[in-house]
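Structural description and commentary
The primary structure of each chain is shown beneath.
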Amino acid sequence: MDIQSLREQHPDHWKKACAIRALTLDAVAAANSGHSGMPMGMADVATVLYEKHMVFDAQSPDWPNRDRFVLSAGHGSMLVYSLLHLTGDPEFPIEQIRNFRQWGSRTAGHPENFLAKGIETTTGPLGQGLAMAVGLAMAEESLRARWGAKIIDHYTYCIAGDGCLMEGVSQEAIGLAGRHELSRLIVMWDNNGITIDGKVALSDRTDQKARFAAAGWDVFECDGHDPADIDRALTEAKASKGPAFIACTTHIALGSSAQDTSKGHGALTDAKLITDTKAAYGWTAGAFEIPADIKTAWETIGSRGAEARKAWDERFAALSDSKRALFQQQFSCEPPKKLAAAVRAVKKDAVEKMPKVATRRASEMVLEAVNPIMTETIGGSADLTGSNNTKTADLGVFDPINRKGRYVYYGIREHGMAAAMNGMALHGGLRPYGGTFMCFADYCRPAVRLSALMHMPVVYVFTHDSIGLGEDGPTHQPVEHLAMLRATPNMLVFRPADLTETAEAWEIALSEKATPSVLALSRQNLPAVRKTHTNKNLVAQGAYVLEEATGKRQVILIASGSEVEVALKAREALEAEGIGTRVVSMPCMELFARQDEAYRRKVLPAGAVRIAIEAGVRMGWDRWLLGERGREGKDGFIGMSGFGASAPAERLFQEFGITPEATVAKAKALLG
Ligand SMILES: Cc1ncc(C[n+]2csc(CCOP(=O)(O)OP(=O)(O)O)c2C)c(N)n1
Ligand SMILES: [Mg+2]
């Protein structure tokens, strides 16, 4: 449909949609950067979606049962900001639009979930939004089964661009959604045939509709500018049995001289282009001005869901006190009071029995105690359930016939799993954890990074955390991964040494509200290193003195995870020769860095030579060796400096020199 007939046939719709387009043009021009074409092209779809379908209350953007809207094509952020401003979200007065992309504004270059309640999720890295939308829809299914449709019952809508569909993560997400028959998920494809380099055809000829259908989706299409056709497609999509994919044929940068070209993708800032485009729209209001009748019409849309929200409030208030309290506890990521006692019981038992177990098995033992008392957990693995030890007996399997199941078989989809976990955490009410081999942290890294950026307390169960996995060889042996994960801001990386430390690490991870955690766990059995019970969570300090030097302290050995055993054996040998040696267990560098100087100084006093032992690369260890009162030339590192190899684990530790003997030799050399 051409602009002229649209204006004539749907004048009210046209004005509302053009409010989005005008705000986009004005904001991008003021910022002198941004992406105009996508919001201009998808304004009609968004207008119909918000006017006729989305159930939300602009005054209550964090209402738990709202429909979720994810703009996967995050570069079109002005679409989200326009909708928030127009519908009357209190956090988005016009000043926010004027300050698009400026320091301190909520209207950042790409949407950031932590800047405003009304922004469902951070997007920008293409494909992530689509994959998170799958997680949001999984969370909705899970919570509807648990709480009943009176409490949770909503749709998840997602706008995805050509780029989102080309990114690999989309395939993982599409497969997951199809398998789980997520009928409340509706993805609207901005099918404009354009990306940055030019036409999509330059690089792709995929039949997207056939692709989604092949994965079990119900497929629809519409003219993405005709409001009646959009409404029809959305109505049909909502009634579909499977997840719905709507191919919306659109024109990027509609109505401008850049329409249907890659120039329309980016910032349209040319004054004449803007004037001409507004004239083509019949838009006569000044910059950042929305005529009162159009703003009122949008605010009516914004309050359309207010009654539904109030009715929900009443239904929620009618729940028993204990159910309401549980809902609030789980949606606020508050750990249950019982968690501390459950962890304490595991720790007491551990010190009594001193089991020699792999920390991946220790993690399972902790989960066996925790999952029954924390029903908000939802576990899973990317096809390594038996290796990651992520499934406990009580969970049940999440699938279309058992939505109450709390274990997800994600398939071989590390990236899709991590993004889905982000979506579940964003939804609220669930605490996702998921496993894979630590080496494949690389396969889900973009979503892991978003967990941290978005403040999502997701838990990554990364097992097989070093050459200690043995025969599978260097493709499977992480070497640089701990450094990469530790380099990620707002992330806690735990590498516990035994069952006690694993229990303490889980307690912290499950108490976090805004920080994801990684548990780096061994494949191989490890001896118990904590010999006495204390109620106090020692891992919470990041590092602590595990064994003190007898006599004059000459050496400090700092180790994590499986190498704590190496350090303890080296200490024995050094002590036998009269060399006083302290062993510091350092399961979490980030938490140790947060301790005050006095505590850090107590654990790592000056004077002694320091050796760190970890079966990974040295990067990240220098702060604890040379910084913090360490001395150049009096420091050593026992670890990896290249890739591993395929052989039994014991042989590998020998060959790569990560042994008590090598540690003793290094200590003596440093002592001179
Ligand atoms: C993972 C990732 N790679 C690259 C980019 C840079 N980028 C932003 S938008 C875009 C083109 C996307 O094309 P499309 O989704 O069709 O958006 P449209 O041009 O239609 O607005 C690219 C390559 C990105 N944001 N994320
Ligand atoms: Mg495109």
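Rules used throughout
Residues numbered from 1 in each chain as written. Chains lettered and ligands numbered in written order. Predicted model: local features only at pLDDT ≥ 70, side-chain atom pairs only at ≥ 80, totals over all residues. Heavy atoms only, no water. Helix = DSSP H or I, 4+ residues; strand = E, 2+ residues; numbered from the N terminus. Salt bridge = Lys/Arg side-chain N within 4 Å of Asp/Glu carboxyl O. Axes fitted to C-alpha atoms, helices over the stretch in contact; angles between N-to-C directions. Parallel < 35°, antiparallel > 145°, perpendicular 65-115°, else oblique. Left-handed = near helix turned anticlockwise from the far one by under 90°. Contact = heavy atoms within 4.5 Å. Expected span 1.5 Å × (residues − 1). Buried < 20%, exposed > 50% of the residue type's maximum accessible area, 1.4 Å probe, protein only. Near = heavy atom within 4 Å. Polar contact = N/O pair within 3.5 Å; in protein donor to acceptor, adjacent residues only side chain to side chain. Areas by Shrake-Rupley, 256 points an atom, 1.4 Å probe, with all protein chains shown as cover. Nonpolar A, V, L, I, M, F, W, Y, C, P; charged D, E, K, R; others polar. UniProt positions renumbered as here; feature names shortened; annotations may be inferred. Phe/Tyr/Trp six-rings, centres within 6.5 Å; stacked < 30°, edge-to-face > 60°. Lys NZ or Arg CZ within 6 Å of the ring centre and 35° of its normal.

**Thoughts on unusual backbone geometry**
Residues other than glycine seldom take positive phi values, yet Asp383 does so here, at roughly 65°. Inspection of the secondary structure puts Asp383 in the loop between strand E7 (377–381) and helix H17 (385–388).

**Side note on the pattern of salt bridges**
Within the structure shown, the criterion is met by 43 salt bridges. Between Arg144 and Glu140 there is a salt bridge, with the nearest N and O atoms lying 2.9 Å from each other. Within this pair, Arg144 and its partner Glu140 are both found in helix H6 (residues 128–147), separated by four residues, close to a single helical turn. Where Asp153 meets Arg184, a salt bridge forms, and the shortest distance between an N and an O atom there is 2.7 Å. In this pair, Asp153 sits in the loop between H6 and strand E2 (156–160) while Arg184 sits in the loop between helix H8 (168–179) and strand E3 (185–191), placing the two residues 31 residues apart along the sequence. Look at the salt bridges and you will find they share partners, linking Glu140, Glu141, Arg144, Asp153, Arg184 and Arg403 into a network.

**Some words on the packing of helix H18 (residues 414–427) against helix H19 (residues 441–453)**
Between H18 and H19, whose axes approach to 7 Å, the crossing angle comes to 15°. Relative to H19, the element H18 is oriented roughly parallel. The handedness of the crossing between H18 and H19 comes out as left-handed. From H18, Glu414, His415, Ala418, Ala419 and Asn422 reach across to H19, where they touch Tyr443, Cys444, Pro446, Ala447, Leu450 and Ser451.

**Some remarks on H18**
For H18, which comprises 14 residues, the first-to-last C-alpha distance of 20 Å matches the rise-based estimate of 20 Å (1.5 Å per residue) to within 8%. Among the 14 residues that make up H18, 14 are buried, leaving the element largely enclosed by the rest of the structure. Remark: Gly428 follows H18 within two positions and exhibits a positive phi of approximately 95°.

**What to know about the site of ligand 1**
Near ligand 1, the surroundings consist of 15 residues, among which His75, Gly163, Asn192, Ile194 and His265 are the closest. Contact distances for ligand 1 include 2.7 Å between an oxygen atom and a side-chain N or O atom of His75. Leu126 is positioned with one of its backbone polar atoms (N or O) 3.1 Å from a nitrogen atom of ligand 1. Expressed as a share of its isolated accessible area of 580 Å², the protein-covered part of ligand 1 is 74%. Residues belonging to the shell around ligand 1 are distributed by class as follows: six nonpolar, seven polar and two charged.

**Notes on the UniProt feature "active site" (unreviewed entry) in the protein chain**
As annotated by UniProt and renumbered to match this structure, "active site" (unreviewed entry) occupies Glu414. For Glu414, the location among the structural elements is in helix H18. The contacts of Glu414, once residues within four sequence positions are left out, are Glu172, Ala382, Thr436, Phe440, Tyr443 and Cys444.

**Digging into the packing of aromatic side chains**
Summed over the entire model, instances satisfying the criterion amount to 22 aromatic pairs. On the numbers, 5.0 Å between centres and 65° between planes, the contact of Tyr50 with Phe56 is edge-to-face. Their ring planes at 15° and their centres at 4.1 Å tell us that Phe327 and Phe331 sit as a pair that is stacked. Here Phe331 and Phe327 lie together in helix H14 (residues 321–331), a separation of four residues that amounts to about one turn. In this structure Phe327 comes out as buried when scored by relative accessible area, which is 3%. Feature note: the residues Trp63, Trp147, Trp312, Phe316, Phe327 and Phe331 constitute an aromatic cluster, connected by ring pairs. In this arrangement the basic side chain of Arg21 is found over the ring face of Tyr281, its NZ or CZ atom lying 5.8 Å from the centre. Positioned above the aromatic ring of Tyr155, the side-chain terminus of Arg184 is 5.3 Å from the ring centre.

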